[in-house]
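Now for the letters of each chain:
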Amino acid sequence: MRTSGLMQALHTLTATDIVQATRSGHTTCEAVARACLNHIAEREPAVQAWQYLNGDQVLAQARALDRRGHSGPLHGVPFGIKDIIDTCDMPTEYGSPIYRGHQPASDAACVALSRQAGGILMGKTVTTEFANVFPGKPRHPRDPQRTPGGSSSGSAAAVSACMVPLAVGTQTTGSTIRPASFCGIVGYRPTYGHLRCAGVKEAAGSFDTLGLMARSIADLALYCDVLLGEIPAPRPDTPGVPPRIGFCRTSLWSRLEPSTARLLENAATCLAQEGARVEEVTLPSEFEDILDIHRAIASFEFAHNFTYEIVHHWEQLSPALRQGRLRQGLACRFETYRAAQVTLERCRTQLDAVMAPYDVLLTASAAGEAPVGLQSTGDASFCALWTATHVPAMTLPVCIGPQGLPVGAQLIGRRHEDRALFATARWVWQHLTS
């Protein structure tokens, strides 16, 4: 970490650098918080990432940390929280006018763990309506005419714009990986069930996970350890030997923008030239129906979870939600739902076998660069398969599209082997960005 000019660039530091700087006395928690608030004031009119932000509240947290002294592995690190996640001292509105001003009584587990580790909660980042498809106000940090993705739109935009080094989103389909790809940051969706979702508004419990966003793999590893309740420890920089990588086009390959397909094919070729064992991987035929299977399960669960809102606040739900997810869910019979669950469990077992010879699969994070327009958050199809099968996923900002905007490469790990995914991701990052 460079210390010259540190005070002028505190908002650009990674979480790892901030912890080192506050621990060594090179800066204070208050100075870091002020730098981030000043940068937010400059960028927020264009990016519009925040649903709730109170500078006095932020500075009070920072001063308390400075008085206390070093308090944990996130000491002095600002973080943002998607506004479907409960906070005891900030409103949680779920992206819906139904819950305007709603104040939970307690923090969600991920918020409490982050604060306990010394993190500074900057505020609530914008979510789409109930983490579904109806977009919120955020703009892409590099082009305000484009979407930053969704549903964790504010979290991705805030990290990309250097407003905070860390942010928490969620993923039920592609709500972390896709916006991270669009915004040119590192996004991570863990193995299903690894991170606690207590205090997170449920969309579809069969798929919901927290999603973490940062500007470095090291920051994600640090934050993941904090949320797992582990004492952060140095992890191997890369695997001891070049990794085994399965290049998986999936049945959706024709839906990619041609430039994205070429970028990913070039990435696979480059990794092979750098020593990785790269092989083409084809998924079993049953996976061709997995988008419909995911949609049936997610819609059925979502519609039942939101019975109260349907009964009492139907007119305050967006037409997009009423005519999309809710209509599909209300029309889905339980027998169809259960049959989809059985098929999906079979697919998970098949994927375990497919992945056994490989450290990761390399595939698309999104169709391409962030699309122009703010009425949609983009196509989530390229993430749905992996979300449905409960495997860990990470997108790395290693490609640039024809308009000069980021395009992520998605790495898929084996179920419950997230640490191996992190190690391989470091290797891939080093060999695609050197």
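Residues numbered from 1 in each chain as written. Predicted model: local features only at pLDDT ≥ 70, side-chain atom pairs only at ≥ 80, totals over all residues. Heavy atoms only, no water.

J.: What exactly am I supposed to notice about the overall build of the chain here?
T.: On a plain count of helices and strands, the chain comes out with 14 helices and 11 strands. Counting only C-alpha atoms and orienting by the principal axes, one finds that the chain spans roughly 60 × 60 × 40 Å. For the chain, the residues scored as buried account for 60% of the 434 residues in total. Pairs at least 24 residues apart make up 78% of the contacts formed inside the chain by residues separated by at least 6 positions. A total of about 16,500 Å² of accessible surface is found on the chain, and carbon and sulfur atoms cover 51% of it. (Helix = DSSP H or I, 4+ residues; strand = E, 2+ residues; numbered from the N terminus. Buried < 20%, exposed > 50% of the residue type's maximum accessible area, 1.4 Å probe, protein only. Contact = heavy atoms within 4.5 Å. Areas by Shrake-Rupley, 256 points an atom, 1.4 Å probe, with all protein chains shown as cover.)

J.: I would appreciate a short explanation of helix 13 (residues 381-388) in the present structure.
T.: Given 3.6 residues per helical turn, the α-helix brings residues three or four places apart onto the same face. By the criterion of burial, helix 13 is predominantly enclosed, with eight of the eight residues buried. Along helix 13, the residues that are buried comprise S381, F382, C383, A384, L385, W386, T387 and A388. Positive backbone phi, approximately 70°, marks H390, located one or two places after helix 13.

J.: Help me out: how do you make sense of the environment of A268 in this one?
T.: Among the secondary structure elements, A268 is positioned in helix 8 (residues 258-273). Taking the C-alpha atoms as reference points, A268 and V428, separated by 160 residues in sequence, lie 9.9 Å from one another. Look past the residues within four positions of A268 in its chain and what remains in contact with it is F247, V278 and L362.

J.: Explain the packing of aromatic side chains here, please?
T.: To describe a pair of aromatic rings, you give the distance between the ring centres and the angle between the ring planes. Counted under the stated rule, the structure contains nine aromatic pairs. Arranged with centres 6.1 Å apart and planes meeting at 85°, the rings of Y99 and F130 form a pair that is edge-to-face. Residue Y99 is found in the loop between strand 2 (78-82) and helix 4 (109-116), and its partner F130 is found in the loop between strand 3 (120-125) and helix 5 (153-160); the two are separated by 31 residues along the sequence. F130 shares its class with Y99; the two are buried. (Phe/Tyr/Trp six-rings, centres within 6.5 Å; stacked < 30°, edge-to-face > 60°.)

J.: Help me out: how do you make sense of the side chain of E301 in this one?
T.: In this structure, E301 sits in helix 9 (residues 290-305). Among buried charged residues, E301 stands out as having no salt bridge; its nearest opposite-charge side chain is R338, 8.2 Å away. Sequence-distant contacts of E301, defined by excluding residues within four places in its chain, comprise A203, A204, G205, S206, Y337 and Q341. (Lys, Arg positive; Asp, Glu negative; His and termini not counted. Salt bridge = Lys/Arg side-chain N within 4 Å of Asp/Glu carboxyl O.)

J.: Help me understand the sheet that holds strand 7 (residues 244-248) in this model?
T.: Two pairing modes exist for strands in a sheet, parallel and antiparallel, and in both the strands are linked by backbone hydrogen bonds. Taken in spatial order, the 11 strands line up as 1-3-2-4-6-5-10-11-9-7-8 in an open sheet, and their pairing is mixed. With one partner strand each, in any of the chains shown, strand 1 (50-53) and strand 8 (277-281) form the two edges of the open sheet. Going from strand to strand, the sheet's axes swing by 30° on average, the running direction of each strand aside. When strand 5 (residues 186-189) meets strand 6 (residues 209-214), the two strands line up antiparallel, connected through three bridges. Following the sheet pairing, V186 is matched in strand 6 by A214. Helix 2 (residues 29-47) contacts strand 1, strand 2 and strand 3 of the sheet and is inclined by roughly 20° relative to strand 3. Relative to the sheet, helix 3 (residues 55-68) contacts strand 1 and strand 3, its axis offset from that of strand 3 by approximately 155°. (Pairing = 2+ DSSP bridges. Axes fitted to C-alpha atoms, helices over the stretch in contact; angles between N-to-C directions.)

Shape is all these values report; function is a separate question.
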